[in-house]
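Inside the fold
Residues per chain are reported as follows:
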Amino acid sequence: MQIVVDLNRCQAYAQCVFLAPEVFELHGEETLMFMPTVPDDQQERARRAAAACPVQAILTGEQAGPGEW
Amino acid sequence: MPPDTLRERITDYANRADPYPLYAELHENGVTRQNDGSYLVGTYHEIAALLHDPRISSDSRHRTDPETVPRIRREGQSMAFIGLDDPEHDRLRRITMRPFGPPHTPHRIDALRADITRICDELLDGLRDKDRIDIVEEFAYPLPVTVICRLLGVPQADVPRIHAWANDIIASLDVTPGRIGEHQLNAGVEAREAMAEYLGDLSDRRRTAPSDDMLSALVHDSGPDGPLTRSELMANATLLLIAGHETTVNLITNGTLTFLRHPDAYRQLRDEPELMPRAVEELLRYEPPVHLLPQRTPVTDVEVCDVTIPQGAPLILVLAAGNRDPLRFDHPDRFDPAREDNQHLGFGSGIHSCFGAPLARVETQIALNALLPHLEHFQLAEDPPPYRRSPILRGPRHLPITRTSGT
Ligand code: HEM
Ligand code: SF4
């Protein structure tokens, strides 16, 4: 599974980091880093994080690379 | 009815089960001055803007009339960050976040998942053979209480004491001071003090004998901002304990009620549990646990929708009305568990947006996923159920459900 975070929309609420700490990471207090290709055992967490993002900044797709978004 | 009585009508217990027609009046009337001098806002964009407006304070000391805020602590005690403004709010929130979440502790909430699942399963096991269940007493309340106590490091044996104090504190919070008796108010202040003392003592014990809980981390692992003072720790740990008690219970209960009222959504979520995270966001919009924020005050005159809200006046933001604003959400009165555009106000917004939101989400997602299969042969015993008194933390006091015959 691939994910893309629209960093223009992301407001660094960090909900995703709480819900999927292996996939998303906060550097300092406001910079969000993420793993674009989600390992199999983290997919459910990544989906929960996408659903909970307050500004819906996380896009998930089974095979799509960043270019398709 | 006149818009200047809306606050009175929202507070009126007779409207607790269905306040939504009143919220529709808020949408029509914009910002309204109430006959007691407070200002009510229930439209989405205005609430969101005010929650991001540095001229709006959460510190009740900015009120012109101190009688408009419930008295919750004695002179000289520290204040919890929910009632402070930046930079003090930011400093305390940052120190408290360090042992709770990212960037310093990104795994604590995720690591609670297994515990939460096990607590849910144990509670549900105890209900297996019953024909009548009170969802509040037997499931929705014990779960978050157990979890927040475990997170902070409160021993299981002390949970009943915490529970009793929390009840007194909540009973003393009402939107209109004067409406509840002096006695109830004092019981609330005393319970808060007892809880704070208890947490102070517990953190002292963790100082000498640390464990892997959040209180131990708070006293041992201070970051660049330094540690909390003992008094700050007492006030803010009390805040976490109370917030962890009295909100998630409403979300789980409202979720159960809403699914029992919407059989199609019930079947869909029971069969496709992976849709639950989004459904929980919709519950936070459609039936939020916190209906209004009664504690804001403008520090200077502020104009909103052609109304000037004077400096020092009580400003009440009705989050639950903003969540149903037709100018923001399509079909706002429809429960749509797959709703995509859903930037609800259930956890507030801006600098005070809910600290515990990730924990509340994880708990409620797990709880409802575990509960739904058990509801198969149950129906609501009463609809509407009896509600708690509070118009702020609004939710059912009991949610009795009964087994349907023939199964
Ligand atoms: C479904 C459950 C919950 C709901 C709906 C909820 C809702 C809210 C709301 C609306 C606010 C904003 C208050 C304001 O702006 O004045 C808030 C703040 C807060 N919540 Fe929650 N809450 C929930 C669960 C929790 C839990 C479990 C905790 C503790 C772990 C918690 C801790 C806090 C704290 C400490 C604040 C103050 C944040 C600040 O002032 O910066 N909440 N919550
Ligand atoms: S939850 Fe959404 S807004 Fe928050 S940090 Fe993650 S992507 Fe950004």
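Residues numbered from 1 in each chain as written. Chains lettered and ligands numbered in written order. Predicted model: local features only at pLDDT ≥ 70, side-chain atom pairs only at ≥ 80, totals over all residues. Heavy atoms only, no water.

1. Examining the confidence of the model for chain B
Residues and elements named next belong to chain B. For the record, the criterion: Per residue, pLDDT measures the predictor's confidence, with a range of 0 to 100. Secondary structure elements are taken from DSSP: a helix is a run of H or I of four residues or more, a strand is a run of E of two residues or more, and numbering for both begins at the N terminus.
Here chain B averages 92 in pLDDT, while 96% of its residues score no lower than 70. Here helix 9 (residues 159-171) is the element of chain B with the lowest mean pLDDT, 86, and helix 16 (residues 319-322) is the one with the highest, 98. The ipTM value of the predicted complex is 0.82, and its pTM value is 0.94.

2. Quick look at the site of ligand 1
Residue and element names in this part refer to chain B. Formally: When at least one non-hydrogen atom of a residue lies within 4 Å of a molecule or strand, that residue is treated as near it. Three classes are used: nonpolar for Ala, Val, Leu, Ile, Met, Phe, Trp, Tyr, Cys and Pro, charged for Asp, Glu, Lys and Arg, and polar for all others, with Gly counted as polar.
Taken together, 26 residues surround ligand 1, and among them His 89, Arg 93, Arg 296, His 352 and Cys 354 come closest. Taken together, the elements giving at least two residues each to the shell around ligand 1 come down to helix 4 (88-97), helix 12 (230-246), helix 13 (248-261) and strand 5 (293-298). Ranked by residues supplied to the shell around ligand 1, first place goes to helix 12 with 4 residues. Of the residues assigned to the shell around ligand 1, the class counts are 16 nonpolar, 8 polar and 2 charged.

3. Digging into the coordination of the iron atom of ligand 1
For a metal with four donors in a tetrahedral arrangement, the ideal angle between donors is 109.5 degrees, while six donors in an octahedron ideally sit at 90 or 180 degrees. So the rule is basically this: Only nitrogen, oxygen and sulfur atoms count as donors, using a 2.8 Å cut-off from the metal that widens to 3.2 Å for Na, K and Ca. Water is left out, so coordination shells may look unfilled.
Counting protein donors around the iron atom of ligand 1 gives one, B:Cys354 (SG), at 2.3 Å. Positionally, B:Cys354 belongs in the loop between helix 16 and helix 17 (357-371).

4. Structural notes on the interface of chain B and chain A
Defined as follows: Any two residues whose heavy atoms approach within 4.5 Å at even a single point are treated as in contact. Buried area: the sum, over both parts, of the accessible surface (1.4 Å probe) that disappears when the two are put together. For this document, the term salt bridge refers to a Lys or Arg side-chain nitrogen within 4 Å of an Asp or Glu carboxyl oxygen.
Chain B puts 25 residues into the contact, and the matching count from chain A is 18 residues. Here chain B packs against chain A, burying approximately 1800 Å² in sum over the two surfaces, 58% of which is carbon and sulfur. When the area that chain B buries against chain A is broken down by residue, the three leading residues are B:Pro102, B:Pro103 and B:Arg361, summing to 24%. Seen at the junction of chain B and chain A, the total is 1 salt bridge. The partner of B:Asp110 in a salt bridge is A:Arg45, with the nearest N and O atoms 2.8 Å apart. The greatest single-element share of the side of chain B that touches chain A, amounting to 5 residues, is contributed by helix 17 of chain B. Looking at the side of chain B that touches chain A residue by residue, the classes come out as 10 nonpolar, 7 polar and 8 charged.

5. Let's talk about the nonpolar core
The line we're drawing: Nine residue types can take part in a nonpolar core, namely buried Ala, Val, Leu, Ile, Met, Phe, Trp, Tyr and Cys, and a core is a set of them joined through side-chain atoms within 4.5 Å. Remark: exposure states derive from per-residue accessible area (1.4 Å probe, protein chains only) relative to the maximum for the residue type, with buried under 20%, exposed over 50%, and partly exposed in between.
With 141 residues, the main nonpolar core has A:Phe24, B:Tyr23, B:Phe100, B:Met195, B:Phe259 and B:Leu359 as its most contacted residues. In this structure B:Phe100 touches A:Phe18, B:Thr105, B:Arg108, B:Ile109, B:Leu151, B:Met214, B:Phe355, B:Gly356 and B:Leu359, once residues within four positions along its chain are discounted.

6. As for the site of ligand 2
Around ligand 2, the structure places 13 residues, and the nearest of them are A:Cys10, A:Tyr13, A:Ala14, A:Cys16 and A:Cys53. Of the residues in the shell around ligand 2, the class split is 11 nonpolar, 2 polar and no charged.

7. Considerations on the pattern of salt bridges
All names here are of chain B. As enumerated under the stated definition, the model contains 35 salt bridges over all chains in all. Glu 287 is the partner of Arg 394 in a salt bridge, and the nearest nitrogen-oxygen pair spans 2.6 Å. With Arg 394 in the loop between strand 9 (378-380) and strand 10 (400-403) and Glu 287 in the loop between helix 15 (276-286) and strand 5, this pair connects stretches of sequence that are 107 residues apart. For the pair shown, Arg 394 and Glu 287 are each scored as buried.

8. Looking at the packing of aromatic side chains
The cut-off we apply is this: When two rings of Phe, Tyr or Trp (its six-membered ring) have centres within 6.5 Å they constitute a pair, described as stacked for plane angles under 30 degrees, edge-to-face for angles over 60, and tilted for the intermediate range.
Inspection of every chain in the model, using the stated rule, returns 8 aromatic pairs over all chains. Plain terms: the ring middles of B:Tyr20 and B:Tyr23 are 5.5 Å apart, the flat faces sit at 90 degrees to each other, and that makes the pair edge-to-face. Linking B:Tyr20 with B:Tyr23, this pair stays in helix 2 (residues 20-29), spanning 3 residues, or about one helical turn. According to the relative accessible area criterion, B:Tyr20 is buried, its value standing at 11%. Classification of B:Tyr23 by relative accessible area gives buried; the value is 1%. Three or more aromatic residues joined by ring pairs make a cluster, and in this case those are A:Phe18, B:Phe81, B:Phe100 and B:Phe355.

9. As for unusual backbone geometry
Residues and elements named next belong to chain B. At the junction of Pro 102 and Pro 103, the peptide bond is cis and its omega measures out at 0 degrees in the coordinates. The residue Pro 103 is located in the loop between helix 4 and helix 5 (108-111) in this model. With an omega of 5 degrees, the peptide bond between Asp 383 and Pro 384 qualifies as cis. Positive phi outside glycine occurs at Cys 305, with the angle close to 50 degrees. Checked against the element boundaries, Cys 305 lands in the loop between strand 6 (302-304) and strand 7 (307-309). Unlike most non-glycine residues, Asp 306 shows phi in positive territory, near 65 degrees. Within the secondary structure, Asp 306 is located in the loop between strand 6 and strand 7.

10. As for the environment of B:Ser211
All names here are of chain B. Here Ser 211 shows up in the loop between helix 10 (182-208) and helix 11 (214-220). In this structure, the C-alpha to C-alpha distance between Ser 211 and Ser 405, residues 194 residues apart in sequence, is 49 Å. Excluding residues within four positions of it along the chain, Ser 211 makes contact with Arg 206 and Ser 216.

11. Points about the sheet that holds strand 10 of chain B
Residue and element names in this part refer to chain B. Keep this limit in mind: The criterion for strand pairing is that DSSP finds at least two bridges linking the strands in question. Axes here refer to lines fitted to C-alpha atoms; in helices the fit is confined to the stretch in contact. Angles between the N-to-C directions go from 0 to 180 degrees.
Reading across from one edge, 4-10-9 is the order of the 3 strands in this open sheet, with antiparallel pairing throughout. Looking along the sheet, the strands with just one partner apiece sit at the ends: strand 4 (132-134) and strand 9. With direction set aside, neighbouring strand axes in the sheet form an average angle of 30 degrees. Sheet analysis places strand 9 next to strand 10, joined by 3 bridges and oriented antiparallel. Bridge pairing in strand 10 links Phe 378 to Arg 403.

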